[in-house]
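Okay, here's what each chain looks like letter by letter:
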Amino acid sequence: MKRFIFIIILFIFCLSGSKIVCQDFCFAEADEVVSIPILMYHSVLPGKTGNYSVTPDMLEEDIKFLQKHGYQSIFVKDIISFCEGDGTLPDKPVLLSFDDGHYNNYHYAYPILKKYNFKANLNVIGAFSQFSTSSGDSDHPEYSYLTWDEIKTLHESGLFEIGNHTYKMHDYSPRFGISKKKGEDEESYKNALSADIKKLEDYLSTKCGITAEVFAYPFGEYNDDGEKILRQMGYKAFLTCNEGINNVKKGDSKVLSHLKRINRTGKLSSKEFFEKYGID
Ligand SMILES: [Zn+2]
């Protein structure tokens with residue numbers, strides 16, 4: 001009998017203990033749908049605000065707002081694990097996603113992310129980074145792009161997850177982003193797309209020690225054949241420019257095909273931006 005009472009007491013203790021752990025770490029329960037805002041940034045430059053440019057102060061205000069409201073930064077790979085049925089997500093996850101690989105991300109955004117220990121996804125364009133590296137014209141915040149060494153440093157900091165944004169398909173012609181050219185047959189399209197993607201993969205792997213599994217569609221332009229080719233190459237998550245907040249369910253990976261992002265325009269203050277999209 002004493003042993004039975006002891007087991008009951010131990011059981012109650014364990015229950016209350018697990019509740020404390022849950023309150024401390026606030027992980028989402030299985031089966032629960034988790035809302036994930038993904039905020040898309042481009043340039044970070046002092047005194048320059050536009051649709052694709054915020055100032056360092058605005059980025060810092062965004063992070064302070066998010067931390068104050070209980071948001072925790074995650075990587076895309078955390079969403080992948082959750083959708084594949086493993087891993088956990090915080091109750092209030094947020095993903096900062098930087099496109100194009102501007103040098104100003106290294107110069108201005110990186111120190112801010114370090115200061116607040118905030119993670120980010122960064123999708124680089126191979127041809128731009130190769131030009132910066134080979135020309136040596138690489139340290140102008142207004143127009144330079146990241147060199148391979150800088151990408152490696154960001155990756156090794158543990159604060160940045162690097163994604164593929166194509167080697168040289170971030171263009172309006174001869175095709176718009178990765179879209180098919182008019183009249184292009186399936187095989188030619190597959191050869192062109194896979195050769196381009198592989199070229200950036202080779203640079204990332206040899207120069208930076210990175211294997212990317214995240215793909216960001218240039219201009220948010222996607223198609224089913226393209227996704228199929230990219231999946232065969234090992235990509236698991238695809239970032240679009242479709243505006244909205246993602247509702248992600250554990251074990252359900254459909255959402256990974258078209259992750260939505262909200263463009264962080266520099267035309268709104270942090271407060272106005274978060275209010276507009278109901279992020280609180
Ligand atoms: Zn882009």
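That block above? That's the structure.
So, how was this worked out
Residues numbered from 1 in each chain as written. Predicted model: local features only at pLDDT ≥ 70, side-chain atom pairs only at ≥ 80, totals over all residues. Core = buried A, V, L, I, M, F, W, Y, C linked by C-beta atoms within 7 Å. Buried ≥ 20, exposed ≤ 12 C-beta atoms within 10 Å, placed from the backbone. Contact = placed C-beta atoms within 7 Å. Helix = DSSP H or I, 4+ residues; strand = E, 2+ residues; numbered from the N terminus. Arc of directions from axis to C-beta.

Undergrad: Which residues make up the nonpolar core, and what values do they have?
TA: Judged by nonpolar contacts, the single largest core of 66 residues is most densely connected at Ile 79, Ile 162 and Phe 238. Residues within four places of Ile 162 in sequence aside, it is in contact with Leu 122, Val 124, Ile 151, His 155, Leu 204, Ile 210 and Ala 212.

Undergrad: Can you break down helix H8 (residues 224-232) residue by residue, with the values?
TA: What H8 keeps buried is the set Gly 226, Ile 229 and Leu 230. For H8, the angular spread of buried residues about the axis comes to 95 degrees, placing them on one side. Among the exposed residues of H8, those pointing more than 90 degrees away from its buried face are Asp 224, Lys 228 and Gln 232. In this structure, the buried residues of H8 make contact with helix H7 (186-208) and strand S9 (214-216). Backbone geometry just downstream of H8 places Gly 234 in the positive-phi region, at approximately 105 degrees.

Undergrad: I'd like to hear about unusual backbone geometry, residue by residue, with values.
TA: Note that the residue after Ser 173, namely Pro 174, is joined by a cis bond; omega there is 5 degrees. Following the sequence through the fold, Pro 174 ends up in the loop between strand S8 (160-164) and H7. Of note, the phi angle at Asn 117 is positive, near 50 degrees, even though the residue is not glycine. Here Asn 117 shows up in the loop between helix H4 (103-116) and strand S7 (120-124). Positive phi is not limited to glycine here, since Thr 166 has a value of about 80 degrees. Tracing the backbone shows Thr 166 in the loop between S8 and H7.

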